Amino acid sequence: MLTVYGIPNCDTVKRARGWLDARPVAYRFHDYKKSGVEEAALARWSDARGWEMLLNRAGTTFRKLDEADKVDLDRAKALRLMAAH
């Protein structure tokens, strides 16, 4: 079964879920805010697509981080931040 990861109030996630709901596609929704995400999954996705693609710098969560957390980002620091927030 397909798993959709996201937060329910994200417009992109809403559109994706709406598209899936309108078709015979079985999926489960994994809410980051309620369930978090495993660092192992983040590492796999980072290996496949790059941590820069995973990190939403435009999102509210990133903007609310301390400035110290936003500087000198590398893969390890970004994955820790994503797992924590």
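Below is a summary of the structure that appears in this document.

About the criteria used
- Residues numbered from 1 in each chain as written.
- Predicted model: local features only at pLDDT ≥ 70, side-chain atom pairs only at ≥ 80, totals over all residues.
- Heavy atoms only, no water.
- 1 Å grid on protein atoms, 1.4 Å probe; cavity = no way out; pocket = protein on both sides within 12 Å on 5 of 7 lines; lining within 4 Å.
- Points joined across faces, edges and corners; volume = space filled by probe spheres on them.
- Helix = DSSP H or I, 4+ residues; strand = E, 2+ residues; numbered from the N terminus.
- Nonpolar A, V, L, I, M, F, W, Y, C, P; charged D, E, K, R; others polar.
- Patch = residues over 30% accessible without salt bridge, like charges linked within 9 Å, V, L, I, M, F, W, Y side chains within 5 Å.
- Areas by Shrake-Rupley, 256 points an atom, 1.4 Å probe, with all protein chains shown as cover.
- Salt bridge = Lys/Arg side-chain N within 4 Å of Asp/Glu carboxyl O.
- Buried < 20%, exposed > 50% of the residue type's maximum accessible area, 1.4 Å probe, protein only.
- Pairing = 2+ DSSP bridges.
- Right-handed = clockwise from strand over helix to strand, strands pointing away.
- Contact = heavy atoms within 4.5 Å.
- Core = buried A, V, L, I, M, F, W, Y, C linked by side-chain atoms within 4.5 Å.

### Points about the layout of surface pockets
Okay, step 1: Its volume calculated, the largest pocket comes out at about 960 Å³.
Okay, step 2: Surrounding the largest pocket, 30 residues form its lining, G6, I7, Y32, L54 and N56 being those nearest its centre.
Okay, step 3: With four residues, helix 7 (residues 75-84) is the largest single contributor of residues to the lining of the largest pocket.
Okay, step 4: Here the lining of the largest pocket is built from residues that sort into 19 nonpolar, nine polar and two charged.

### Focus: a nonpolar patch on the surface
Okay, step 1: A surface patch of nonpolar side chains, amounting to about 440 Å² of accessible area, comprises M1, L2, W19 and V25.
Okay, step 2: The residue L2 is located in strand 1 (residues 2-6) in this model.
Okay, step 3: By relative accessible area, L2 is classed as partly exposed at 41%.

### Notes on the pattern of salt bridges
Okay, step 1: Counted by the stated rule, this structure contains two salt bridges.
Okay, step 2: A salt bridge links D47 to R75; the nearest nitrogen and oxygen atoms lie 2.8 Å apart. On the criterion of sequence distance, the pair formed by D47 in helix 3 (residues 39-49) and R75 in helix 7 is long-range, its members being 28 residues apart.
Okay, step 3: Look at D47 and you get exposed, because its relative accessible area is 60%.
Okay, step 4: Close ionic contact of E67 with K70 constitutes a salt bridge, the shortest N to O distance being 3.3 Å. Of this pair, E67 and K70 both sit in helix 6 (residues 67-70), three residues apart, which is roughly one turn of that helix.

### Notes on the pairing of strand 2 (residues 27-31)
Okay, step 1: Bridging between strand 1 and strand 2 involves five bridges; their strand directions are parallel. Each residue of the ladder has a partner; that of L2, found in strand 2, is Y27.
Okay, step 2: With respect to chirality, the unit in which strand 1 leads through helix 1 (residues 11-21) into the neighbouring parallel strand 2 is right-handed.

### Points about the environment of V37
Okay, step 1: Tracing the backbone through its elements, the reader meets V37 in the loop between helix 2 (32-35) and helix 3.
Okay, step 2: Separated by 20 residues in sequence, V37 and R57 have C-alpha atoms that sit 18 Å apart.
Okay, step 3: Apart from residues no more than four positions distant in its own chain, V37 is found in contact with H30, Y32, L42, W45, M82 and A83.

### Quick word on the nonpolar core
Okay, step 1: Counting 12 residues, the largest nonpolar core consists of V37, A41, L42, W51, L55, F62, L65, L73, A78, L79, L81 and M82.
Okay, step 2: Within the residue set of this core, elements represented by two or more residues are helix 3 and helix 7.
Okay, step 3: Here this core takes four residues from helix 7, the largest share from any one element.
Okay, step 4: Look past the residues within four positions of L73 in its chain and what remains in contact with it is W51, L55, R57, F62, A78 and L81.

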